[in-house]
Amino acid sequence: SVMIPEGYTIDQIFERLEKNDVCSASSLYKTIEEVDFSKEYAFLESVDNKEARYHVLEGYMFPATYEFEQGADPATVIRKFLDAFKARWTEEYAQKAEALGMTVDEVITLASIVEKEGYGSIQFTQISSVLHNRLNRSGLYPNLECDSTRDYVTNTIAKRVTNRGEINTYISNYSTYERSGLPVGAICNPGIAAIEAVLEPDDTNYYFFAHNNQKKLYMAANWEQHQANLRQIKIDNTEE
């Protein structure tokens, strides 16, 4: 029995599977690089720019508790995760995504950011509203400016990729400070709460958010309010 937490990256999942003697991380990496699972799973059809992504399947390795045999076939293990995603991506979800004008991949990519930026389902829907608002007013707010997308490169990709040129390319592909709109793909594997938050965001006029050290969320409708929030957060953090 292996529990995969919401928000784990593929690298973290493979490490945990190896520690539990399910199969080696190297065999899992080899499998996802050599097997085109999009031929088997229709929800992967909207995944584009595959060559620009760190892991094509990032976002679709559904976080849950699984039962595996030790020494399992790596392709069978991967399919178990993808089957779990397939079972949870309902027709209702598909209809909500279509109503938002989003592909499955766009929903999962945005949900992966929500998963990393928020603390709990209430914050998820609030943060989702900010990100949707920015995406819908890209002329005013071309960048999502989420630390988690930059951190995915520096804290995850850079552990396995050492070439500086490649790292810089990943930064331009994933960092929402560098790239307008969504990153090239998901930055983790989100759970149901984050996915549903993207499909049903709160209705707000907020375009900024930030947390204090106690994970309290501050939201703002404009730059001036955001700066006031940052000053309050500095006070909060000093008073700990």
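Relevant structure appears above.
Residues numbered from 1 in each chain as written. Predicted model: local features only at pLDDT ≥ 70, side-chain atom pairs only at ≥ 80, totals over all residues. Heavy atoms only, no water.

Q: I would appreciate a short explanation of the packing of aromatic side chains in the present structure.
A: What describes a pair of aromatic rings is the distance from one ring centre to the other and the angle between the planes of the rings. Using the criterion set out here, one finds 17 aromatic pairs in the structure. Seen from their ring centres, Tyr-41 and Phe-43 are 5.5 Å apart, and the 45° between their planes marks the pair as tilted. Assigned by exposure class, Tyr-41 and Phe-43 land together as buried. Considering the side-chain rings of Tyr-54 and Tyr-170, the 6.0 Å spacing of their centres and the 85° angle between planes classify their relative orientation as edge-to-face. Taken together, the residues Tyr-54 in the loop between α2 (25-34) and β2 (65-66) and Tyr-170 in helix α8 (residues 164-174) connect sequence positions 116 residues apart. As far as the burial class goes, Tyr-54 and Tyr-170 line up, both buried. Members of the aromatic cluster, each reached through a chain of ring pairs, are Tyr-41, Phe-43, Tyr-60, Phe-85, Trp-89 and Tyr-93. Between Arg-134 and the ring centre of Phe-208, over which it is positioned, the NZ or CZ distance is 4.8 Å. The ring of Tyr-29 carries Arg-160 above its face, with NZ or CZ at 3.6 Å from the centroid. (Phe/Tyr/Trp six-rings, centres within 6.5 Å; stacked < 30°, edge-to-face > 60°. Buried < 20%, exposed > 50% of the residue type's maximum accessible area, 1.4 Å probe, protein only. Helix = DSSP H or I, 4+ residues; strand = E, 2+ residues; numbered from the N terminus. Lys NZ or Arg CZ within 6 Å of the ring centre and 35° of its normal.)

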